[in-house]
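Chain residues, written in single-letter form:
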Amino acid sequence: MAFDNLTEKLNSVFKKLSGKGKVNESDVKEAMRMVKLALLEADVNFKVVKNFISSATEKAIGVQVLESLTPAQQVIKIVKEELTELMGSEAYKPVISPKSPSVYMLMGLQGAGKTTTCAKIASYFSKQNKNTLLVACDIYRPAAIEQLKVVGSKVGADVFSLGVSDPVKIAVEAVDYARNKDIDIVILDTAGRLHIDEGLMEELQRIRDAVNPTELYLTLDAMTGQDAVNVAKSFDEQIGIDATILTKLDGDARGGAALSIRAVVGKPIVFCGMGEKLDDLDLFYPDRMASRILGMGDVLTLIDKAQEAFDEKQAIELEKKIRSQTFNLNDFLDQFQQMKKMGPMDQLLGMLPGVDNKALKGLNVDDRKMAQTEAIIKSMTMLEREKPSIIDYSRRKRIAAGSGTTLTQVNALLKQFEQMQKMMKQFTNPKQMKKFKGLSSKLGL
Amino acid sequence: MSFFAKLKNGLTKTKKEFSEKINSVFSAFVKVDEELFEELEEILIMSDVGFETTEYILDELRDKVKKSRIEEPDEIKNVLIDIISEILIQNSENVQLNTKPSVIIVVGVNGVGKTTSIGKIASYYKSLGKNVLLAAADTFRAAAAEQLQIWAERVDCDIVRHNEGADPSAVVFDAISAAKNRGSDLVICDTAGRLHNKKNLMNELEKIVRTVNRELPDADKEILLVLDATTGQNAITQAKLFDESTGLTGLVLTKLDGTAKGGVIIGLANSQKLPVRFVGVGEQIDDLQPFNPEEFAKALFE
């Protein structure tokens, strides 16, 4: 299918390259043609694509590549470096005003996801122990204020609203209110508007001039096509933007707009919206995004998430247990609960290198199944969890009844655990470990 | 204002950018050569027509230019309009909504304007003398039902809603029962926005469609995908996947007044063979109108 996503497309390009011993000039050109097609299908702006391709081709057809021992790796590296350069090299973090409150104004087209994102940003700041005031400046869309109140209460943020009145007045009073109540963060939820709507664009200017926000954020749907550049340019010229928030990146349209905006407007991306839940907001790491586009996996994000969720002490203990082969069902349950903290399984799997996104499409990791597994283990006695070997037929029947599952499900879990134990034995066996080392050096680019 | 005038009005910017660019290309070239085709390629792609459709259009154009021995860049313009109109016109037959009640289910990704479009569609059918009932089956997004309620009041039609978090199929079931009891002509179901790659959410949508088919097996049904006209090539994947799980009968294109391009329509008509039923060209209640491919193609180039 012609509309596979960028990662799949680039993967197929590089598979072709990797299959050959050496890469010559025409190979590079062929690869770059595919890269061009892929970028266009990903909605990267036409002009950005043109520039990207010519500068990447120029670098790739250099002596270095042709004389290099692993030309495929060189080409991947160059394309990745170019992509990273295009998107900026470092993550951008919200600027905090030295004098509280820090005020962020969210703006964008209709349906970009501003209201939802407001709540997500509040949740982001609450993780840093900062309290947030959400301000309902969208007085036009029916029930927009109501929506902000609902999502605000879900993330525990106060919502400031004056009903349908002048948005400038609402913003000014909200900032005063926050100052008096010692609130750290103020987020202005403005109405969605077209960049060519002069009246509404002027309203944004007036809000900006009245409250002088710490930062101005453009919220943009990741699915936006070629027009993304025009939208970003207009908002930047008329209001000024400090950074962009890219929403709906959990869809399959990732990439395009992010590249174009960075290249054309030169403004960084600060956050990306990754899901339906109100804490599904990530900082944007350009280098990671480039890796992800190239199918190298978003390993760094995964590591970050793991660090957040895993307790280091627990990890050391776990390692001991694996080494001494005393890993039991209680530990298994612990692992399970920690994994759950890291987020939905399919999101995690998508970040792993070597996990083909195509394969993931069919695979639907069911979080409910994980809950079942938990229930089964929790229906066991402590002794059973420590010594699974004592679980006989009548115990299994009791466990199934207790967890609301079937005997087959209990059996499957026990078998899975047994296999895991076997695997761990292999890991702790030094002879087996050598094999793995060989494999990992092959994978390193 | 007539629909045609409105569409033209809404599309002034689109039209201006699109045809001005094309016109400038034509006037800049004194003869038909590869450079002209490259310029045309750029314009089409920058309008979100998509790489494949652009290739298709240009191949057709090359063919016709060769056959008819066209040498004037100016003449090429008319050929180009013909090709694009043909693509748009090929899927223009309409679904009849004659049974009582008949059903429209409105689906799409988040933020494309489903709820707003439903308000406008309800107003359109009401103006045709139909008795409309809205089903607030978006039970997920905060305040979605409130938003639809406000539209129901504006349009002055019935609405069936449950609490946030309720089973959307249950809302649809209740709405159909209510429509049967009250003798409504048309039930329009709002659904929660969902990304087409989320399997569980798409299953939920399939369940809604099943509920409708079970409760009203013989009713006329229309399943409309709402697409945001600013969307790029992802619109094609959206149409494909929503079609797979619900069996789409048509498209609604929103926010056409804002984007400077309209190319996604051409790409979609060519690849999905789905007719565009309505176009949104503004924020007012009557700014959504039935789509007329011929008028649209003309309005783009006039």
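Every value quoted in this text rests on a predicted model; they were computed, and no experiment measured them.

What counts, and where the lines are drawn
- Residues numbered from 1 in each chain as written.
- Chains lettered and ligands numbered in written order.
- Predicted model: local features only at pLDDT ≥ 70, side-chain atom pairs only at ≥ 80, totals over all residues.
- Heavy atoms only, no water.
- Helix = DSSP H or I, 4+ residues; strand = E, 2+ residues; numbered from the N terminus.
- Buried < 20%, exposed > 50% of the residue type's maximum accessible area, 1.4 Å probe, protein only.
- Contact = heavy atoms within 4.5 Å.
- Areas by Shrake-Rupley, 256 points an atom, 1.4 Å probe, with all protein chains shown as cover.
- Pairing = 2+ DSSP bridges.
- Axes fitted to C-alpha atoms, helices over the stretch in contact; angles between N-to-C directions.
- Parallel < 35°, antiparallel > 145°, perpendicular 65-115°, else oblique.
- Nonpolar A, V, L, I, M, F, W, Y, C, P; charged D, E, K, R; others polar.
- Buried area = accessible area lost by both parts, 1.4 Å probe.
- Salt bridge = Lys/Arg side-chain N within 4 Å of Asp/Glu carboxyl O.
- Polar contact = N/O pair within 3.5 Å; in protein donor to acceptor, adjacent residues only side chain to side chain.
- Core = buried A, V, L, I, M, F, W, Y, C linked by side-chain atoms within 4.5 Å.

A. Examining the overall build of chain A more closely. When helices and strands are tallied, chain A shows 22 helices and eight strands. Sorting the 445 residues of chain A into buried and exposed places 51% on the buried side. If you take every contact in chain A between residues at least 6 apart in sequence, the share linking residues at least 24 apart comes to 74%. Of the roughly 21,100 Å² that chain A leaves accessible, carbon and sulfur atoms contribute 52%.

B. Looking closely at the sheet that holds strand S6 (residues 250-254) of chain B. Residue and element names in this part refer to chain B. Taken in spatial order, the eight strands line up as S3-S2-S4-S1-S5-S6-S7-S8 in an open sheet, and their pairing is mixed. Pairing within the sheet leaves two strands with one partner each, and these edge strands are strand S3 (158-161) and strand S8 (288-290). Along the sheet, successive strands turn relative to each other by an average axial angle of 20°, direction set aside. In this structure, strand S7 (residues 276-280) lies alongside S8, joined through three bridges in antiparallel fashion. Note that in S8 the partner of Gly280 across the bridge is Leu288. Its contacts with the sheet put helix H8 (residues 168-182) on strand S2 (132-137), S3 and strand S4 (186-191), and the angle it makes with S2 is roughly 165°. Each of strand S1 (102-107) and strand S5 (221-228) is contacted by helix H10 (residues 234-246), which is oriented at about 160° to S5, the strand it contacts most.

C. Expanded view of the sheet that holds strand S6 (residues 243-247) of chain A. Residues and elements named next belong to chain A. Across the sheet, eight strands lie side by side as S3-S2-S4-S1-S5-S6-S7-S8; this open sheet has mixed pairing. Taken across any chain shown, the strands that pair with only one partner, and hence form the sheet edges, are strand S3 (158-160) and strand S8 (281-283). Recorded for the sheet is a direction-independent mean angle of 25° between the axes of neighbouring strands. Examined bridge by bridge, strand S1 (residues 102-108) and strand S4 (residues 185-190) share five bridges and lie parallel to one another. Its bridge partner lying in S4, Met105 is registered against Leu188. Contacting strand S5 (215-221), S6 and strand S7 (269-273), helix H11 (residues 256-264) runs over the sheet at an angle of about 170° to S6.

D. Representation of the environment of Lys130 of chain A in the model. All names here are of chain A. Secondary-structure assignment places Lys130 in the loop between helix H6 (114-126) and strand S2 (132-137). Judged by its relative accessible area of 24%, Lys130 is partly exposed. C-alpha separation for the pair Lys130 and Asp184, spaced 54 residues apart in sequence, amounts to 5.9 Å. Ignoring anything within four residues of it in the chain, the contact list for Lys130 reads Ile96, Phe125, Asp184 and Ile185.

E. Focus on the packing of helix H9 (residues 199-215) of chain B against H10 of chain B. Residue and element names in this part refer to chain B. Contact geometry of H9 with H10 gives a least axis separation of 9 Å together with a crossing angle of 45°. By the angle class used here, H9 and H10 are oblique. Residue-level inspection shows Met202, Leu205, Glu206 and Val209 of H9 in contact with H10, the latter providing Leu241, Phe242, Ser245 and Thr246. Here the contact of H9 with H10 is composed, by residue class, of five nonpolar, two polar and one charged.

F. Quick peek at the environment of Thr211 of chain B. Residue and element names in this part refer to chain B. For Thr211, the position within the fold is in helix H9. On the accessibility criterion, Thr211 (4% relative accessible area) is buried. In sequence terms Thr211 and Ala170 are 41 residues apart; their C-alpha atoms lie 8.6 Å from each other. Beyond its immediate stretch of four places on either side in the chain, Thr211 contacts Ser169 and Phe173.

G. Summary view of the interface of chain A and chain B. Listed by partner, the interface residues are 39 residues for chain A and 46 residues for chain B. In this assembly, chain A packs against chain B so that about 3,700 Å² is buried in total across both faces, 58% of it on carbon and sulfur atoms. Our count for the contact surface shared by chain A and chain B stands at three salt bridges. The salt bridge partner of Lys154 of chain A is Glu164 of chain B, with a shortest N-O separation of 2.9 Å. Remark: the boundary between chain A and chain B carries eleven residue pairs in polar contact (both at pLDDT 80 or more). Only helix H2 (25-41), helix H3 (46-60) and helix H7 (144-155) of chain A provide two or more residues apiece to the side of chain A that touches chain B. Tallied by class, residues from the side of chain A that touches chain B come to 15 nonpolar, twelve polar and twelve charged.

H. Molecular detail of the side chain of Asn330 of chain A. Residues and elements named next belong to chain A. Inspection of the secondary structure assignment puts Asn330 in helix H15 (residues 329-341). Overall, Asn330 belongs to the buried group, its relative accessible area being 18%. A polar side-chain atom of Asn330 sits 3.1 Å from a polar atom in the side chain of Arg385. For Asn330, the residues in contact, after removing those within four places along its chain, are Met382, Arg385 and Glu386.

I. Structural view of unusual backbone geometry. The residue after Ser100 of chain A, namely Pro101 of chain A, is reached through a cis peptide bond having omega 0°. As for its placement among the helices and strands, Pro101 of chain A is situated in the loop between helix H5 (71-87) and S1. Going from Lys100 of chain B to Pro101 of chain B, the amide bond is cis rather than trans, its omega being 0°. One non-glycine residue with positive phi stands out, namely Asp182 of chain A, at about 55°.

J. Region of interest: the pairing of S7 of chain B. All names here are of chain B. Within S7, five of the five residues are buried, leaving the element largely enclosed by the surrounding structure. When S6 meets S7, the two strands line up parallel, connected through three bridges. Within the sheet, the bridge partner assigned to Leu251 lies in S7 and is Val276.

K. Representation of the pattern of salt bridges in the model. Residues and elements named next belong to chain A. One pass over the full model with this rule turns up 25 salt bridges over all chains. A salt bridge links Glu82 to Lys59, with the shortest nitrogen-to-oxygen separation between them at 2.5 Å. One end of the pair, Glu82, is in helix H5; the other, Lys59, is in helix H3, with 23 residues separating them in the sequence. Given a relative accessible area of 8%, Glu82 falls into the buried group. The salt bridge involving Lys267 is made with Asp236; its shortest N-O contact spans 3.1 Å. One end of the pair, Lys267, is in the loop between H11 and S7; the other, Asp236, is in helix H10 (residues 228-238), and 31 residues separate them in sequence. Judged by its relative accessible area of 22%, Lys267 is partly exposed. If you follow the salt bridges from partner to partner, you end up with Glu384, Arg395 and Arg398 in one network.

L. Up close: the nonpolar core. Ranked by size, the top nonpolar core spans 89 residues in total, and within it Ile57, Leu61, Ile104, Ile121, Leu134 and Ile188 of chain B carry the most contacts. Broken down by element, the residue count for this core peaks at seven residues, all from helix H5 (residues 73-89) of chain B. Beyond its immediate sequence surroundings of up to four residues, Ile188 of chain B is in contact with Ile104, Val106, Ile118, Ile121, Ala122, Val132, Leu133, Leu134 and Ala135 of chain B. Listed in part, the 66 residues of the second largest apolar core include Leu39, Ile170, Leu218 and Cys272 of chain A.

M. Fine view of H10 of chain A. Taken as a whole, H10 of chain A has its buried residues at Ala228, Val229, Val231, Ala232, Ser234, Phe235 and Asp236 of chain A. Where the residues of H10 of chain A are buried, they touch S1, helix H9 (198-211), S5 and H11 of chain A.

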